[in-house]
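# Observations on the model geometry
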Amino acid sequence: TIDFAQYVNTSMLDEVSAYEGMTIASVPSSEDRGIMFCMTEDSPFYNDLALRQAVLYAIDNEAVAEACGYGYGSPANVTCGNPELTVGYDASWETSPYAYDPEKAKELLAQSNYDGRTLRLLCNSNATITMMWQIIQANLIEVGINAELSVVEGTTYGAYRDGTSGQYDLAYAGPGNGGYVTSDLWNTLFNRNNYESGRTWAGLLDDTLQEKYDAIAAPDGYTQENLNDFYNYITENALYYKIYDLPEYCAYKEANITGYFSDWNRFIRANTIKKAQ
């Protein structure tokens, strides 16, 4: 009896698409599905690049994409950003940094200052995000990193997610990845001027990082050279890591709906054109 459905759960896509006359449509998700390290001075990741890299190499992106996307997701091949949404996105970023390599993770772990402490993983109670973290937790344990998962409801999660809260070592970020990075993605993650603590969202104090961000945000500073320089810096220093991509889906009856459009937030609008009865 439904002509149009927005945000169809990926676990239902096969079932919905099996109905005769139904079309499944998608747009890129405006949410960048990545993780961030707490980078305050008392964090095990502070000043320990080898440990951060060990964690990233330990994560099985393909397994996460498959489990969370029910076959519709794909492992990320960039540190952050989306080719269709991020203004200034460059194909040169698509190097699949820190692709799953448990043996490399073990080598880096041995080079790090990791002392066997249990890393605290923080996620909200969203079922898909919880599933992602359960896989990551298992991946970390497999390479010799102790990890415990703390699942909290949305409001509490929002309060804990700031790196200065002291509530996590690794957390899901989920910033927007559409438009200019100085108004959304990198502005949220790395511009310390946004936060009362004077640190980045993850609690990092890094003058070089801020200088590179300010260079992009300056008048006439939004250049490909500056964007690539910033992207390479956060990638080489393992400051953030996108895990997987998963579009947003809608479904509609071909007999009644002639088409659809999406707004600037990439939301598929329900007020589509309907055929005359």
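Here the residue index of a chain counts from 1 through its sequence in written order. Local features are withheld for residues below a pLDDT of 70 in this predicted model, meaning they are given only at 70 or higher, and side-chain atom pairs are given and counted only at 80 or more; totals for whole chains, interfaces and linings count all residues. The basis for every side-chain value is the complete set of non-hydrogen atoms in the structure, without hydrogens or water.

## Re the overall build of the chain
Numbered from the N terminus, helices here are DSSP runs of H or I no shorter than four residues, and strands are runs of E no shorter than two. The helix and strand tally for the chain stands at 9 helices and 12 strands. Counting only C-alpha atoms, the chain reaches 70 × 45 × 35 Å along its principal axes. Buried residues are those whose accessible area, probed at 1.4 Å on protein chains only, stays under 20% of the maximum for their type, while exposed residues exceed 50% and partly exposed ones sit between those limits. Looking at the 277 residues of the chain, the share that counts as buried comes to 49%. Whether two residues touch is decided by their heavy atoms; if any such pair falls within 4.5 Å, the residues are in contact. In the chain, the proportion of contacts linking residues at least 24 apart, taken out of those at least 6 apart, comes to 74%. The Shrake-Rupley method, run with a 1.4 Å probe, gives the accessible areas here. Residue values count only the displayed protein chains as cover. Of the roughly 12900 Å² of accessible surface on the chain, a fraction of 45% belongs to carbon and sulfur atoms. One finds the centroid of the 16 positive side-chain charges in the chain at a distance of 4 Å from the centroid of its 38 negative side-chain charges. The positive count covers Lys and Arg only, the negative count covers Asp and Glu only, and His and the chain ends enter neither. We put the charge of a Lys on NZ, of an Arg on CZ, of an Asp on CG and of a Glu on CD.

## Observations regarding the nonpolar core
Residues belong to one nonpolar core when they are buried, are Ala, Val, Leu, Ile, Met, Phe, Trp, Tyr or Cys, and are joined through side-chain atoms within 4.5 Å. Within the largest apolar cluster, 70 residues are counted, with the highest numbers of intra-cluster contacts made by Ile35, Met132, Trp133 and Trp186. Counting residues per element, this core draws most heavily on helix H2 (residues 49-58), which supplies 7 residues. Not counting residues up to four positions away in its chain, the partners in contact with Ile35 are Leu56, Ile59, Met132, Trp133, Ile136, Leu170, Ala171, Tyr172, Ala173, Tyr240, Tyr241 and Ile243. In this structure, Leu13, Val16, Met22 and Tyr249 belong to the second largest nonpolar core, which totals 6 residues.

## So, the sheet that holds strand S12 (residues 248-253)
We treat two strands as partners when DSSP finds at least two bridges between them. Strand order in the open sheet formed by 3 strands is S1-S12-S2, with antiparallel pairing between adjacent strands. Each edge of the open sheet carries a strand with a single partner, namely strand S1 (4-5) and strand S2 (22-27). As paired elements, S2 and S12 share 6 bridges and run antiparallel to each other. Bridge pairing in S12 links Thr23 to Tyr252.

## Focus on the sheet that holds strand S8 (residues 170-172)
Ordered in space as S7-S6-S8-S3-S10, the 5 strands form an open sheet in which the pairing is mixed. A single partner strand is all that each edge strand has here, and the edge strands are strand S7 (147-152) and strand S10 (240-242). On average, each strand axis in the sheet is inclined to that of its neighbour by 20°, with strand direction left out of account. Note on definitions: angles span 0 to 180 degrees between N-to-C directions of axes, and those axes are lines fitted to C-alpha atoms, for helices only across the stretch in contact.

## Thoughts on the packing of H2 against helix H4 (residues 102-111)
Working note: a packed helix pair is described by the angle between its axes plus the distance between those axes. Between H2 and H4, whose axes approach to 8 Å, the crossing angle comes to 160°. When the axis of H2 is compared with that of H4, the two are roughly antiparallel. In the packing of H2 onto H4, the handedness of the crossing is left-handed. Residue-level contacts link Ala50, Leu51, Gln53, Ala54, Tyr57 and Ala58 of H2 to Pro102, Lys104, Ala105, Leu108, Leu109 and Gln111 of H4. Classifying every residue of the contact of H2 with H4 by side-chain character gives 9 nonpolar, 2 polar and 1 charged. Put simply, angles under 35 degrees are roughly parallel, angles over 145 are roughly antiparallel, angles from 65 to 115 are roughly perpendicular, and the rest are oblique. Definitions for this section: a left-handed crossing has its near helix turned counterclockwise from the far helix by less than a right angle. A right-handed crossing has that turn clockwise. Classification convention: Asp, Glu, Lys, Arg as charged; Ala, Val, Leu, Ile, Met, Phe, Trp, Tyr, Cys, Pro as nonpolar; all other residues, Gly among them, as polar.

## What to know about the layout of surface pockets
Estimated volume of the largest pocket: approximately 410 Å³. Both site types are read off a 1 Å grid over the protein atoms alone. A 1.4 Å probe that fits but cannot get out defines a cavity, while an open set with protein on both sides within 12 Å along at least five of seven lines defines a pocket; lining residues have an atom within 4 Å of a point. Lining the largest pocket we find 20 residues, and of these Arg33, Asn126, Thr128, Leu246 and Glu248 sit closest to its centre. Contributing elements (two or more residues each) for the lining of the largest pocket: helix H5 (127-142) and S12. The dominant element in the lining of the largest pocket, judged by the number of residues it contributes, is H5, at 4 residues. The residue makeup of the lining of the largest pocket, split by class, is 12 nonpolar, 5 polar and 3 charged. Grid points are joined across faces, edges and corners, and a volume is the space filled by probe spheres set on the points.

Structural measurements only, silent on function.
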